[in-house]
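So you can see what is in the structure, the chains are spelled out below.
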Amino acid sequence: MFFVSSPGTSRNPRTKLYRSQPVKTSLFNFDALFGWLREAGHSAWVDELQQSCHQATDVTGHGNLEGWKQCWHNLPAIEGHFEARADGRVAIVGQVSADVKNQLRSDLLNFRPWRKGPFDLFGTHIDTEWRSDWKWNRLSDHVELRDRNVLDVGCGNGYFGWHMLAAGARRVVGLDPFLLFVMQHEVIRKLLGAELPNDVLPLGDDCLPERLHAFDVTVSMGVLYHRTSPVEHLQALYGSLKRDGQLVLETLVIDAAGEQVLMPDGRYAKMRNVWFIPSVDMLKKWLRRTGFHEVKVVDVTATTTSEQRSTDWMTFESLSDFLASGDCSRTIEGYPAPVRAMLTARRK
Ligand SMILES: C[S@@+](CC[C@H](N)C(=O)[O-])C[C@H]1O[C@@H](n2cnc3c(N)ncnc32)[C@H](O)[C@@H]1O
């Protein structure tokens, strides 16, 4: 059985065939990934990962997990095939009745808020808070993915991993400690009629050993400013890469000349967990000091309320509520409004 992704845009043509593995029937089953890692010589890491994943998915440690697991088990027994569409939607395509479609829509709403996407699951458009496809378009021309093994640190629900697979990546390993996003990925995997090599482990960057040297490409987008020690985060990314491996780093920056950094007094755009927002020059310096070379800035874009907004699938406050009223150049706290830079670099 084969699964074929859609042809993609002319900018990024892609067609890929996937040979199916046995259908995924149980939650948090990372056997295929762990087997692959063991074969690649990372057995000691797999032993640690197995234990950490077990702890992270222990229902007693999480108030909502039991409910989400029930919803996952109650999903309709349908399977479709995967398409990464040129309009940015990650789709699962298959014939279902109107009743099943309605049931699926209400099941999917149980996994709100859906922040990263968009998805189209059997005709239900999940209009997520973020137009993550815009970020994918900024990234896709600057990363070499064909036959590469990719680590995506802070991958959310794994949205980018599907695009990476369609662009030719051999395997994508996502890490995200937030269990709702891991569950959203599990939902998508259950609806797929195949086990595809895009995993999301319920873990953070602290699961990365110092000198793993396992991946051709490591991606970290929207994570650096959440870390109290940004350089330690960069060191963890560096250690994850093979020699000459490529880093993709995306983070908030301040539009300031020279090497500067903003540390908010308290919240930034209502977020409690924003620690360091460097200027682009400072970010380049952090990368060089960590040991990266060939540091390139491939994009700098101000985030707009068209890219990040409330929808039926994310009904909480969004960017327009985080900006000063009448001045979209400032956050509600008076800091410069969000601008994000995307950089690439290489491990020596
Ligand atoms: C702003 S979102 C970015 C998601 C996605 N990478 C993107 O660019 O759209 C940050 C993500 O990082 C995750 N995260 C937070 N701390 C992390 C850590 N220590 N290691 C890995 N991921 C982390 C969060 O759960 C969240 O999904």
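Only a predicted model underlies this, so the values are computations on that prediction, with no experimental measurement involved.

S.K.: How do you make sense of the overall build of the protein when you look at a structure like this?
M.R.: Regarding its fold elements, the protein presents 10 helices and 19 strands. Taking 2.2 N^0.38 as the reference for a compact globule, 348 residues should give roughly 20 Å; the C-alpha atoms of the protein span a radius of gyration of 20 Å, in line with that estimate. Across its three principal directions, the C-alpha atoms of the protein cover 55 × 50 × 50 Å. Buried residues in the protein amount to 54% of all 348 residues. For the protein, the proportion of contacts with a sequence separation of at least 24, taken over those separated by at least 6, is 71%. One finds the centroid of the 41 positive side-chain charges in the protein at a distance of 3 Å from the centroid of its 42 negative side-chain charges.

S.K.: Could you clarify how one ought to interpret the site of the ligand in this entry?
M.R.: As a matter of local geometry, the ligand sits amid 17 residues, with K135, G154, D176, D205 and M221 nearest to it. Residue G154 places a main-chain N or O atom 2.6 Å away from a nitrogen atom belonging to the ligand. The contact in question runs from a nitrogen atom of the ligand to an N or O atom on the backbone of M221, over 2.8 Å. Isolated, the ligand exposes 590 Å² of accessible area, and the fraction of that covered by the protein chains is 86%. Of the pockets mapped on this structure, the ligand occupies the largest pocket. Looking at the shell around the ligand residue by residue, the classes come out as 8 nonpolar, 4 polar and 5 charged.

S.K.: Just checking my understanding: could you explain the pattern of salt bridges for this structure?
M.R.: Summed over the entire model, instances satisfying the criterion amount to 23 salt bridges. Across the pair D205 and R227 runs a salt bridge, and its minimum N-O distance is 3.1 Å. In this pair, D205 is assigned in the loop between β11 (198-201) and β12 (215-221) and R227 in the loop between β12 and α8 (230-240), connecting sequence segments 22 residues apart. Look at D205 and you get buried, because its relative accessible area is 11%. We note a salt bridge from R211 to E210, for which the minimum N-O separation is 3.7 Å. What you see here is one network of salt bridges that share partners, running through E83, R85, D87, R89 and D120.

S.K.: Help me understand the sheet that holds strand β7 (residues 124-126) in this model?
M.R.: An order of β3-β4-β6-β7 is seen for the 4 strands of this open sheet, with the pairing classed as mixed. Looking at strand neighbours, the two that pair on one side only are β3 (81-84) and β7, the edges of this open sheet. When the angles between neighbouring strand axes are averaged without regard to direction, this sheet yields 20 degrees.

S.K.: Just checking my understanding: could you explain the layout of surface pockets for this structure?
M.R.: One number sums up the size of the largest pocket: a volume of about 1,200 Å³. Taken together, 41 residues make up the lining of the largest pocket; nearest its centre are K116, F181, G222, H226 and N273. Those elements that provide at least two residues to the lining of the largest pocket are α5 (132-139), β9 (149-153), α7 (179-191) and α10 (319-322). Each residue belonging to the lining of the largest pocket can be placed in one class, and the counts come to 22 nonpolar, 8 polar and 11 charged.

S.K.: Is there a simple way to think about the side chain of T124 in this case?
M.R.: Locating T124 in the fold gives a position in strand β7. Leave out the neighbours within four places in its chain, and T124 touches K101, R105, L108, F119 and W313.

S.K.: Explain the packing of α5 against helix α6 (residues 159-166) here, please?
M.R.: Each pair of packed helices gets described by two things: the angle between the helix axes and the distance between those axes. One can describe the packing of α5 onto α6 by two numbers: an axis separation of 10 Å at closest approach and a directional angle of 40 degrees. In terms of their interaxial angle, α5 and α6 are classed as oblique. Relative to α6, α5 is oriented so that their crossing is right-handed. Between α5 and α6, the residues in contact are S132, D133, K135 and W136 and Y159, F160, H163 and M164, respectively.

S.K.: What should I look at first to understand empty space enclosed by the protein in this one?
M.R.: Remark: the empty space left among the atoms is shown by a probe the size of a water molecule rolled over them. A full pass over the atoms with the stated rule returns 1 cavity of 30 Å³ or more. Within this model, the largest cavity holds a volume of roughly 30 Å³. Counting residues per element, the ones that place at least two in the lining of the largest cavity are α5, β16 (293-302) and β19 (339-346). Among the elements that make up the lining of the largest cavity, the one with the highest residue count is β19 (3 residues). Its residues placed into classes, the lining of the largest cavity shows 2 nonpolar, 1 polar and 5 charged.

S.K.: What is the right way to look at the pairing of β11 in this model?
M.R.: For a regular strand, side-chain orientation follows a simple rule: the groups alternate between the two sheet faces. On β11, burial covers both faces: N198 and V200 on one face and D199 and L201 on the other are all buried. The parallel pair strand β10 (residues 171-175) and β11 is bridged by α7, and the resulting crossover is right-handed.

S.K.: Just checking my understanding: could you explain the sheet that holds strand β13 (residues 241-253) for this structure?
M.R.: Hydrogen bonds between backbone groups are what pair the strands of a sheet, and the pairing can be parallel or antiparallel. Strand order in the open sheet formed by 7 strands is β11-β10-β9-β12-β13-β19-β16, and the pairing between neighbours is mixed. The open sheet has two free edges, formed respectively by β11 and β16, since each of these has just one partner strand. Here the average twist between neighbouring strands, direction ignored, is 15 degrees. Where β13 lies against β19, 8 bridges are found, and the strand directions are antiparallel. Looking across to β19, one finds that L247 is bridged to A345. Here helix α1 (residues 31-39) sits on the sheet and contacts β9, β10, β11 and β12; the angle it forms with β10, its principal contact strand, is near 110 degrees. Its contacts with the sheet place α6 against β9, β10, β11 and β12, and it is angled at close to 170 degrees to β10.

How each quantity is defined
- Residues numbered from 1 in each chain as written.
- Predicted model: local features only at pLDDT ≥ 70, side-chain atom pairs only at ≥ 80, totals over all residues.
- Heavy atoms only, no water.
- Helix = DSSP H or I, 4+ residues; strand = E, 2+ residues; numbered from the N terminus.
- Rg over C-alpha atoms; globule rule 2.2 N^0.38 Å.
- Buried < 20%, exposed > 50% of the residue type's maximum accessible area, 1.4 Å probe, protein only.
- Contact = heavy atoms within 4.5 Å.
- Lys, Arg positive; Asp, Glu negative; His and termini not counted.
- Charge placed at Lys NZ, Arg CZ, Asp CG, Glu CD.
- Near = heavy atom within 4 Å.
- Polar contact = N/O pair within 3.5 Å; in protein donor to acceptor, adjacent residues only side chain to side chain.
- Areas by Shrake-Rupley, 256 points an atom, 1.4 Å probe, with all protein chains shown as cover.
- 1 Å grid on protein atoms, 1.4 Å probe; cavity = no way out; pocket = protein on both sides within 12 Å on 5 of 7 lines; lining within 4 Å.
- Sits in = over half its atoms within 2 Å of the grid points.
- Nonpolar A, V, L, I, M, F, W, Y, C, P; charged D, E, K, R; others polar.
- Salt bridge = Lys/Arg side-chain N within 4 Å of Asp/Glu carboxyl O.
- Pairing = 2+ DSSP bridges.
- Axes fitted to C-alpha atoms, helices over the stretch in contact; angles between N-to-C directions.
- Points joined across faces, edges and corners; volume = space filled by probe spheres on them.
- Parallel < 35°, antiparallel > 145°, perpendicular 65-115°, else oblique.
- Left-handed = near helix turned anticlockwise from the far one by under 90°.
- Right-handed = clockwise from strand over helix to strand, strands pointing away.

By themselves, these figures tell us nothing about what the structure is for.
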